Structures are given as C-alpha cells and as structure tokens.
Amino acid sequence: MKKNVRARFVAYQPTLNVVSTLSSHPQFTLGVCSNNSTEWWDFADKSLGLSQYFKDKSLVIISQEVECAKPDAAIFQVLFDRILASDKTASKDKVIFIDDKKANIDAASQFGLIAIHYDSRKQSDLAEKLSAIVNVDLTNNNL
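We now turn to the structure provided with this report. Since this is a predicted model, take the numbers as computed values, not measurements. Each chain has its residues counted from 1, running along the sequence as written. Totals for whole chains, interfaces and linings use all residues, but because this is a predicted model, local features are given only for residues with pLDDT of at least 70 and pairs of side-chain atoms are given and counted only at 80 or more. Excluding hydrogens and water, the side-chain figures rest on all heavy atoms present in the structure.

This next bit is on unusual backbone geometry. In this structure, Pro71 follows Lys70 across a cis peptide bond, with omega equal to 10°. Structurally, Pro71 is set in the loop between α4 (63–66) and α5 (73–86). One non-glycine residue, Glu67, adopts positive backbone phi at about 60°. Along the chain, the position of Glu67 falls in the loop between α4 and α5. Helix and strand assignments follow DSSP, with helices taken as H or I runs no shorter than four residues and strands as E runs no shorter than two, numbered in order from the N terminus.

With that out of the way, let us pick up α5. With 14 residues, α5 extends 20 Å from end C-alpha to end C-alpha; this agrees with the ideal 20 Å at 1.5 Å per step. Looking only at α5, the buried set comprises Ile75, Phe76, Leu79, Phe80 and Ile83. Burial along α5 is one-sided: seen end-on, the buried residues are contained in an arc of 135°. The inward-facing, buried residues of α5 abut β1 (32–34), β2 (60–62), α4, β3 (96–99) and α6 (102–111). At the N-terminal boundary of α5, the capping side chain belongs to Asp72, with an oxygen 2.9 Å from the backbone nitrogen of Ala74. In a helix, the anticipated span is given by 1.5 Å times the number of residues less one. Between buried and exposed lies partly exposed: a residue is buried under 20% and exposed over 50% of the maximum accessible area for its type, with that area taken using a 1.4 Å probe on protein chains only. This arc corresponds to the set of directions leading from the helix axis out to the C-beta atoms. Note on definitions: a residue-residue contact is assigned when non-hydrogen atoms from the two residues lie within 4.5 Å. Here a polar contact is recorded for every N or O atom pair within 3.5 Å, except that within protein the pair must consist of a potential hydrogen donor and a potential acceptor, and residues adjacent in sequence are included only if both atoms are side-chain atoms.

It is worth spelling out the nonpolar core at this point. The definition of a nonpolar core used throughout is a set of buried Ala, Val, Leu, Ile, Met, Phe, Trp, Tyr and Cys residues joined through side-chain atoms within 4.5 Å. Leu22, Trp41, Phe54 and Leu130 are the most contacted members of the largest nonpolar core, which has 21 residues in total. At the level of secondary structure, the elements contributing two or more residues to this core comprise α2 (13–23), α3 (38–48), β2 and α7 (123–134). Among residues more than four places away in sequence, those in contact with Phe54 are Val19, Leu30, Gly31, Val32, Trp41 and Val60.

By themselves, these observations are geometric and do not establish any function.
Structure below.
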C-alpha cells in the first residue's frame, strides 16, 4: 500500500507557490508543523525538495519526533519555543499559522498565533489575507 500511495504522490502546486513566494522574501522565516511521520516527511522532502524553503531546520516540526500533534497546544509551544531560540524578539502575534483543518486553526488562534484557514479552492483568498498581514503583494504570484 505504501508503494501505491507514493507512486500517486504529486506536488500540490498552489501550496508550493505559496511556500516558494514567501521563502524568497528575507523578512520571513518559514517552518512546518506536520502531523505526518518522519518517514513521510523525508519522502515528501526528497520528492519535492522542500528543505530548500526552510532555512532554519529546527522549524521543521514533525509530530512523531516531538511526541505531540495538532491541534494539541503542546505542538504550538514546541514551535514557538524553537522560534524564540533563533529570535529572542519573536512574539506569538507575529507568527502566522496556515492550515487546512479548522480544528488546527482554532487551536493555533487560542494559543495566540495569527491563524489562517487555507482552503485550496479559494487560493486568491489566501494571497489576499497574507498580503494584508505581511504588507507584501502576493496576489500576482499564482497563489
């Protein structure tokens, strides 16, 4: 079954466009907070070259490795602690969390992060929301 799933694995280009565009701006530091296994992340990274977008590898947080998962607040604490380790001036209200699951968005928001629900059917909404928050025009970048 694993082989079959991997054979059908393809990049979701709109999401990669978001990541690529944001990672090209030096004022942003990107991270991942994934409920997938380390094995799955390694496969996705190798297949798509995801590591190139994440300058601070400590911000690639895989639930299997930290023994907690979204929407548990503990994983957001791990994320924020790692952000603080690299930027002592960071504050929760400057961290943007994007996810496709409403429960995860609600939990991130309760934790104090800026939370955006990502609905792939409304990609322009994401570009507009992010542009307004970060003061960078992302609307012309195929988001």
